[in-house]
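This is what each chain is made of:
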Amino acid sequence: MIKESYNAADENELVKASLNGDKNAFGEIVVRYQKMVARTVKGMLGDSVFAEDIGQEVFINLYNSLPEFRGEAKLSTYIQRIAVNMTLNEINRRKRFFSLFSQKGNNEMYEFEVADRDTENRREASEIVNIALMKMDPKFRIIVTMRMLHGYSTKETAEILELPLGTVLSRLSRAQKQLKDILEKL
Amino acid sequence: MNPSEIKKLLLSSASSDTDTRDVARRLEEEGISFDFSNGFRDKVLNNLVSSGLVIKHEMEFVKNMNFAFYRIALTGVAAIVVLLISIFLMEGSLSLNSFLGLSDSYNESIVCLITGN
């Protein structure tokens, strides 16, 4: 049965209805988790239209892989994993692409990616966050993005990234050093 | 929040002791939040419909190919069976010579046939 509104539905109901081809139910999943995906994708790739395309692909990928979702993890964790994997794939793809044309790497794209901020103050704050993230090594950037933009604990970060807790902690300490160096130069 | 406070906040988010939920909340209060443009949901659903149509077309093509293959393969198998039966009935065996139509020929006549002498 196709319902008009799924505002109050729980995630199991939304998944079941989406699997039955109910686009409204899937639309509700998109609405509920789009901000979470935006934080991951834009935090990792910069605030650009390309990031929005990747965001769309994340949800299309989710729709196609819903039959494999067994409900062992939370839907948000499942979506977050898809977003992280697709974003890291995109970073690798860009690296390969830019290494063909430039020796400087993809940080050069930054000036193009950071645009369209409202007030001067906010722009400055946003730019500091964006520049700092974009200059970080992607494997450190993903951990800082998870913690800084999503507010996840180290344990939650390890669970989402499917990494041992020790690895997350060691990367976090190296990320802190790198971030300190970057912020000193800003 | 001035730039040095933002930097301090960023740095604290990379420390394992920090309450990161508070960092995320404070950044959001400063207007540092990420979201997609308006109408994102509709764009996703439209893409879903078009990608679904492509998959449907691809599936129909594969289905047609399978159907055609089975029709051709079954006809081929039936023809081979008929051929084997007819060879057996005409030659009385299914030996290689029967297949080649040489079961009644002697070696000499085959040499004549090949060389023309």
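Worth saying up front: this structure is predicted, and the values here are computed from it rather than measured. (Residues numbered from 1 in each chain as written. Chains lettered and ligands numbered in written order. Predicted model: local features only at pLDDT ≥ 70, side-chain atom pairs only at ≥ 80, totals over all residues. Heavy atoms only, no water.)

**Concerning the environment of B:Leu10**
At step 1: Considering the arrangement of structural elements, one finds B:Leu10 in helix H1 (residues 3-13).
At step 2: Put simply, B:Leu10 and B:Ala24 are 14 residues apart on the chain and 9.7 Å apart in space, counted from C-alpha to C-alpha.
At step 3: Sequence-distant contacts of B:Leu10, that is, excluding residues within four places in its chain, are made with A:Ile128, A:Val129, A:Ala132, A:Met148, A:Leu179 and A:Leu183. (Helix = DSSP H or I, 4+ residues; strand = E, 2+ residues; numbered from the N terminus. Contact = heavy atoms within 4.5 Å.)

**Some words on unusual backbone geometry**
At step 1: Look at A:Glu162: it is not a glycine, yet its phi comes out positive at around 55 degrees.
At step 2: Residue placement: A:Glu162 occurs in the loop between helix H8 (154-161) and helix H9 (165-185).

**Some details on the packing of aromatic side chains**
At step 1: Applying the stated criterion across every chain yields a total of 5 aromatic pairs over all chains.
At step 2: Feature note: the residues A:Phe59, B:Phe36 and B:Phe40 constitute an aromatic cluster, connected by ring pairs. (Phe/Tyr/Trp six-rings, centres within 6.5 Å; stacked < 30°, edge-to-face > 60°.)

**Focus: the pattern of salt bridges**
At step 1: The tally for this structure, following the rule as stated, stands at 11 salt bridges over all chains.
At step 2: Note that A:Glu90 is salt-bridged to A:Arg93, the shortest N-O span being 3.0 Å. Note that A:Glu90 and A:Arg93 are positioned in helix H4 (residues 75-101) at a spacing of 3 residues, about one turn of the helix.
At step 3: A:Arg93 gets classed as partly exposed once you look at its relative accessible area, which sits at 42%.
At step 4: Overlapping salt bridges bring together A:Lys35, A:Arg39 and B:Glu28 as one network. (Salt bridge = Lys/Arg side-chain N within 4 Å of Asp/Glu carboxyl O. Buried < 20%, exposed > 50% of the residue type's maximum accessible area, 1.4 Å probe, protein only.)

**Remarks on the interface of chain A and chain B**
At step 1: Facing the 47 residues of chain A at the interface are 33 residues of chain B.
At step 2: Between chain A and chain B, roughly 3700 Å² of surface is buried when both sides are summed, and carbon and sulfur atoms account for 66% of that area.
At step 3: On the surface where chain A and chain B come into contact, there are 4 salt bridges.
At step 4: When the shortest N-O distance is used, the salt bridge between B:Arg21 and A:Glu156 registers 3.0 Å.
At step 5: At the junction of chain A and chain B, the tally comes to 13 residue pairs in polar contact (both at pLDDT 80 or more).
At step 6: Elements with a minimum of two residues in the side of chain A that touches chain B: helix H2 (23-45), helix H3 (49-65), helix H6 (120-135), helix H7 (138-148), H8 and H9 of chain A.
At step 7: If you tally residues by element for the side of chain A that touches chain B, the top one is H2(A), at 14 residues. (Buried area = accessible area lost by both parts, 1.4 Å probe. Polar contact = N/O pair within 3.5 Å; in protein donor to acceptor, adjacent residues only side chain to side chain.)

**Section: H8(A)**
Residues and elements named next belong to chain A.
At step 1: Those residues of H8 not exposed but buried are Thr-154, Thr-157, Ala-158, Ile-160 and Leu-161. The buried residues of H8 occupy an angular sector of 165 degrees when projected down its axis, which confines them to one face.
At step 2: Where H8 terminates, the next one or two residues include Glu-162, which has phi positive at roughly 55 degrees. (Arc of directions from axis to C-beta.)

**Looking at a nonpolar patch on the surface**
Residues and elements named next belong to chain B.
At step 1: The grouping of Val-77, Ile-80, Val-81, Leu-84, Ile-85, Phe-88, Leu-89, Leu-94, Leu-96, Phe-99 and Leu-100 at the surface amounts to a nonpolar patch, some 1100 Å² of accessible area in total.
At step 2: Going through the elements one at a time, helix H3 (40-91) and helix H4 (96-100) are the ones with two or more residues in the nonpolar patch.
At step 3: With respect to the secondary-structure elements, Ile-85 resides in helix H3.
At step 4: For Ile-85, a relative accessible area of 46% translates into the label partly exposed. (Patch = residues over 30% accessible without salt bridge, like charges linked within 9 Å, V, L, I, M, F, W, Y side chains within 5 Å. Areas by Shrake-Rupley, 256 points an atom, 1.4 Å probe, with all protein chains shown as cover.)

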